[in-house]
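Descriptive analysis of the structure
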Amino acid sequence: MNKRVKRLALGAATAAVMTMGGFAPAMADTVLKFISWQTDDAGTGEWWHSAIAEFEKQHPGVKIEFTKAERSSYADTMTTLFAANQPPQIVHLASFEFQMFADSGWLEPLDPWLKKDSIDMTGWAGQKTCEWNGETVCIMTNYFGFVMAYNKKILDEAGIAVPKTYDEFLAAAKATTKDLNGDGIIDQFGTGHETKGGPGQYLTEMLNYIIDAGAYWTDKEGNITIDTPEMVEGLTRWKTVMKSGISPVDMSASDVRKLFADGKMAMRLDGPWLYGTTEKGSAKSDIVYAAPPLTPPLGGSSNVLAMPSDIPDDQKQLVWDFIKLTMTPEFQRSYATMGGNTPPSPKADVSGVEKTIPHFPVLLATMKAASEKGIDRVPIGLELYYNEFSKMIMEESQRMIIQDLDPAAVAKTMQAKAESIKG
């Protein structure tokens, strides 16, 4: 039985039940699939669960099936589902992933939905990124700025001041990387970067150093700008950090954050979502948040919500109801209070958030600083090729580290391969 026949059969069965009994809810036993990599993220995951609970309360008989897909294979998983015409009804994507889905015609244009409900998106942080071929195809869920969290106890014991520059950061990380019990194994790291996640996250970690060195993958016109002295410096910094042993290797983001939260790492460069993990860690009382020593701070769009273009209209209305719910002032505020995230809505009331999240002003300041500099993880001109591009950059970077290659030669290789990818 093909999908269309199944839909017709389900519709006929529902109509029959309503005709016979007259008591069945209009959307009884409807299940909306929602796949995410954030289901168990501290803070952010809890926020998603709260939104789902409220939605189900407002829509009796409708359930949201919230399941996890690993970040490292997320784009491939979603591509497979869409290509098989079996996408989740609620579409959650990283902001550097949705472009391919939109260009394939898989995402529903949202302008008519926004217009129907008179929703003004003026000032919504990062929303411009959600436009593709002149249409709004998603709603920006998060625009962030990176901060630096540090363990005050570890720095104080090492007699090290809070770093303000890359050189100071590197020196502090080296001084606090230690084998504490003398067994020859490092059990306290100076800093930590995810290297086990997908290519997009790998590039995000790298960008902390590359942007501070004055480099980026493309210019504002979309031209490839990798083979530059600034990029060579940025790649040199990344190679230095990875080869010096100051960061654990082959760890996921959640693993790295837990190490830091439990007092086994001195410093961590991360976004607002780190807070949910540190609040549950054993080193909670020792952790302080500050402006990052690398400037401008890494930042930009993070993730988006969308809906498939090829699902029934009644499901589209339910999906839109869920998206709208997450956009309400109430849930935009709880995005800050519950997860420590910076809400994209300009109407979000964040007054008093600093009473429970003391570093919230720092989050807002870094978000503004990143926005003013136009920082984003998605390179202009490479949106449709980002998956292939990020895999190439990760592979060449890993080769640089493992084979101890000259960053200048690596930059030339990356430049040539990026130009070939773009065509």
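None of the values given here were measured: they were computed from a predicted structure.

**Overview of empty space enclosed by the protein**
Evaluated as defined, the whole model comprises two cavities of 30 Å³ or more. Approximately 70 Å³ is the volume attributed to the largest cavity. Only β6 (139-145), α12 (313-327) and α13 (329-337) provide two or more residues apiece to the lining of the largest cavity. Considering each element in turn, the lining of the largest cavity owes the most residues, three residues, to β6. A class-by-class count of the residues in the lining of the largest cavity yields eight nonpolar, three polar and no charged. Size it by volume and the second largest cavity reaches roughly 50 Å³. Lining the second largest cavity, in full, are F146, L207, N208, I211, L269, P292, L294, P296, P297 and L298. If you tally residues by element for the lining of the second largest cavity, the top one is helix α8 (residues 199-212), at three residues. Residue classes in the lining of the second largest cavity are distributed as nine nonpolar, one polar and no charged.

**Observations concerning the packing of aromatic side chains**
One pass over the full model with this rule turns up 23 aromatic pairs. Relative to F101, the ring of F82 lies with its centre 5.2 Å away and its plane at 65 degrees, an arrangement referred to as edge-to-face. Placement of the pair is F82 in helix α3 (residues 74-83) and F101 in helix α4 (residues 98-103), with a sequence separation of 19 residues. Here F82 falls in the buried class, since its relative accessible area comes to 5%. In this structure, R71 is placed above the aromatic ring of W37, and the distance from its NZ or CZ to the ring centre is 4.5 Å.

**Notes on the state of the cysteines**
Counted according to the given criterion, the structure contains one disulfide. The disulfide partner of C130 is C138, and the S-S distance across this bridge is 2.1 Å. Handedness of the C130-C138 disulfide follows from its S-S torsion of about -110 degrees: it is left-handed. For the pair shown, C130 and C138 are each scored as buried.

**Description of the domain arrangement of the chain**
Split into domains, the chain comes out as domain 1 (30-142 + 301-370) and domain 2 (147-300 + 375-422). Residue-level contacts link 29 residues of domain 1 with 27 residues of domain 2. With both sides pooled, the region where domain 1 packs onto domain 2 buries about 2300 Å², and carbon together with sulfur makes up 62% of that total. The largest per-residue losses of area from domain 1 upon contact with domain 2 belong to F96, S301 and A370, which jointly make up 27% of the total buried on that side. At the junction of domain 1 with domain 2, the criterion picks out one salt bridge. Between K280 and E46 there is a salt bridge whose closest N-O contact spans 2.6 Å. Our count for the domain 1 to domain 2 interface comes out at six residue pairs in polar contact (both at pLDDT 80 or more). Elements represented by at least two residues in the side of domain 1 that touches domain 2 include exactly α2 (44-58), α4, β10 (299-306) and α15 (360-372). Counted by class, the side of domain 1 that touches domain 2 contains nine nonpolar, 16 polar and four charged residues.

**Some words on the packing of α8 against helix α9 (residues 229-243)**
At a minimum axis separation of 8 Å, α8 and α9 run at an interaxial angle of 125 degrees. One way to sum up the angle between α8 and α9 is to call them oblique. The chirality of how α8 crosses α9 is right-handed. Along its contact with α8, which presents Y202, E205, M206, Y209, I210 and D212, the element α9 presents M231, G234, L235, R237, W238 and V241. Looking at the contact of α8 with α9 residue by residue, the classes come out as eight nonpolar, one polar and three charged.

**What to know about the packing of helix α16 (residues 386-402) against helix α17 (residues 407-422)**
Contact geometry for α16 and α17: axes closest at 10 Å, N-to-C directions at 160 degrees. What the angle tells us is that α16 and α17 run roughly antiparallel. In the crossing of α16 with α17, the sense of the turn from one axis to the other is right-handed. Judged by residue contacts, E388, F389, M392, I393, E396, S397 and M400 of α16 engage P407, V410, T413, M414, K417, A418 and I421 from α17.

**A look at the side chain of T176**
Along the polypeptide, T176 turns up in the loop between α7 (166-175) and α8. For T176, a relative accessible area of 1% gives the class buried.

**Focus: the sheet that holds β10**
Strands pair in a sheet through their backbones, by hydrogen bonds, and they do so in one of two ways: parallel or antiparallel. Strand order in the open sheet made by the three strands is β3-β10-β6, with antiparallel pairing throughout. Strands at the two margins of the open sheet, each flanked by one partner only, are β3 (91-94) and β6. Taken over all neighbouring pairs, the strand axes of this sheet differ in orientation by 20 degrees on average, direction set aside. Across four bridges, β3 lies against β10 in antiparallel orientation. Considered in β10, the bridge of H92 is made with L305. Along the sheet, α12 contacts β6 and β10; its crossing angle with β10, the most-contacted strand, is approximately 145 degrees.

Reading the values: rules and limits
- Residues numbered from 1 in each chain as written.
- Predicted model: local features only at pLDDT ≥ 70, side-chain atom pairs only at ≥ 80, totals over all residues.
- Heavy atoms only, no water.
- 1 Å grid on protein atoms, 1.4 Å probe; cavity = no way out; pocket = protein on both sides within 12 Å on 5 of 7 lines; lining within 4 Å.
- Points joined across faces, edges and corners; volume = space filled by probe spheres on them.
- Helix = DSSP H or I, 4+ residues; strand = E, 2+ residues; numbered from the N terminus.
- Nonpolar A, V, L, I, M, F, W, Y, C, P; charged D, E, K, R; others polar.
- Phe/Tyr/Trp six-rings, centres within 6.5 Å; stacked < 30°, edge-to-face > 60°.
- Buried < 20%, exposed > 50% of the residue type's maximum accessible area, 1.4 Å probe, protein only.
- Lys NZ or Arg CZ within 6 Å of the ring centre and 35° of its normal.
- Disulfide = S-S within 2.5 Å.
- Domains from an automatic or database assignment.
- Contact = heavy atoms within 4.5 Å.
- Buried area = accessible area lost by both parts, 1.4 Å probe.
- Salt bridge = Lys/Arg side-chain N within 4 Å of Asp/Glu carboxyl O.
- Polar contact = N/O pair within 3.5 Å; in protein donor to acceptor, adjacent residues only side chain to side chain.
- Axes fitted to C-alpha atoms, helices over the stretch in contact; angles between N-to-C directions.
- Parallel < 35°, antiparallel > 145°, perpendicular 65-115°, else oblique.
- Left-handed = near helix turned anticlockwise from the far one by under 90°.
- Pairing = 2+ DSSP bridges.

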